[in-house]
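Each chain, letter by letter, is given below.
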Amino acid sequence: MKITALDVWPVWNGTKNSVFVTVDTDEGVSGVGECGISNREHAISGVIDHFRPVLLGMDPFRNEHIWHLLFRGGFFPAQRIQTTAISAIDIALWDIKGKALNVPVYDLLGGLARDRVVCYPHNGDRSLNV
């Protein structure tokens, strides 16, 4: 499996800016990652554009290698904007791996840790507790 495309999608959701990254492969498996530092979506998009030629043709299962290459591949280690972009790419690569192996990503990261998690308890809607 090889990476064939890397696209960036800055989106205004009505409240804040979000940045989504899609990674496509030659086997038809795609992954989606999300990142964001509000009001820096153009900078993040530029970093993704810069990383694109590095990633095309790489094996998406080598997510640890790719992370280190992107983080340490320049003269200076990546900082805020670059690490945000790397985060979105990394999430998309995990998404690809989970889909290709037909397992949830939490199984790849060590397995289910909890049976229930309290979600957004501050809003008063107890139906969100799962």
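## Concerning a nonpolar patch on the surface
For step 1, the next point in the chain: Together, Trp9, Val11, Phe20 and Val32 line one region of the surface with nonpolar side chains, adding up to about 340 Å² of accessible area.
For step 2, the next point in the chain: Here Phe20 lies in strand E2 (residues 17-25).
For step 3, the next point in the chain: The partly exposed category is assigned to Phe20, whose relative accessible area is 30%.

## Thoughts on the confidence of the model for the protein
For step 1, the next point in the chain: Here the protein averages 88 in pLDDT, while 92% of its residues score no lower than 70.
For step 2, the next point in the chain: At the low end of the mean pLDDT range in the protein sits helix H4 (residues 105-108), at 91; at the high end sits strand E3 (residues 30-35), at 95.

## Thoughts on the nonpolar core
A general feature of soluble globular proteins is that nonpolar side chains tend to end up buried together.
For step 1, the next point in the chain: In terms of nonpolar packing, the biggest core is built from 26 residues, with Val21, Val23, Ile48, Phe51, Leu55 and Ile89 touching the most fellow members.
For step 2, the next point in the chain: Elements with a minimum of two residues in this core: strand E1 (3-12), E2, helix H1 (41-55), helix H2 (63-72) and helix H3 (80-101).
For step 3, the next point in the chain: Among the elements that make up this core, the one with the highest residue count is H3 (8 residues).
For step 4, the next point in the chain: Every residue in contact with Phe51, bar those within four places of it in the chain, is listed here: Leu6, Leu70, Gln82, Ala85, Ile86 and Ile89.

## With respect to the pattern of salt bridges
For step 1, the next point in the chain: Summed over all chains, the structure comprises 2 salt bridges.
For step 2, the next point in the chain: A salt bridge links Asp49 to Arg52, with the nearest nitrogen and oxygen atoms 3.0 Å apart. Taken together, the residues Asp49 and Arg52, both in helix H1 and 3 residues apart, mark about one turn of the helix.
For step 3, the next point in the chain: Overall, the relative accessible area of 39% leaves Asp49 in the partly exposed class.

What counts and how
For every chain, the first residue of its written sequence is number 1, and the numbers climb from 1 along that sequence. Thresholds applied to this predicted model are a pLDDT of at least 70 for local features of residues and 80 or more for the giving and counting of side-chain atom pairs; totals over whole chains, interfaces and linings are not thresholded and use all residues. By convention in this description, side-chain values take in all heavy atoms of the structure and omit both hydrogens and water. Patches draw on residues past 30% relative accessible area with no salt bridge. Two like charges within 9 Å are joined, as are two nonpolar side chains (Val, Leu, Ile, Met, Phe, Trp, Tyr) within 5 Å. Each accessible area is a Shrake-Rupley estimate made with a 1.4 Å probe; only the visible protein chains count as cover when residues are assessed. Salt bridge, as applied in this entry: a Lys or Arg side-chain nitrogen positioned within 4 Å of an Asp or Glu carboxyl oxygen. Helix numbers and strand numbers start at the N terminus; a helix is a DSSP run of H or I with at least 4 residues, a strand a run of E with at least 2. When accessible area is computed with a 1.4 Å probe and restricted to protein chains, residues below 20% of their type maximum are described as buried, those above 50% as exposed, and intermediate ones as partly exposed. Within a predicted model, pLDDT stands for the predictor's per-residue confidence, ranging from 0 to 100. By nonpolar core is meant a set of buried Ala, Val, Leu, Ile, Met, Phe, Trp, Tyr and Cys residues that side-chain atoms within 4.5 Å join together. Contacts are assigned to residue pairs that have any heavy atoms within 4.5 Å of one another.

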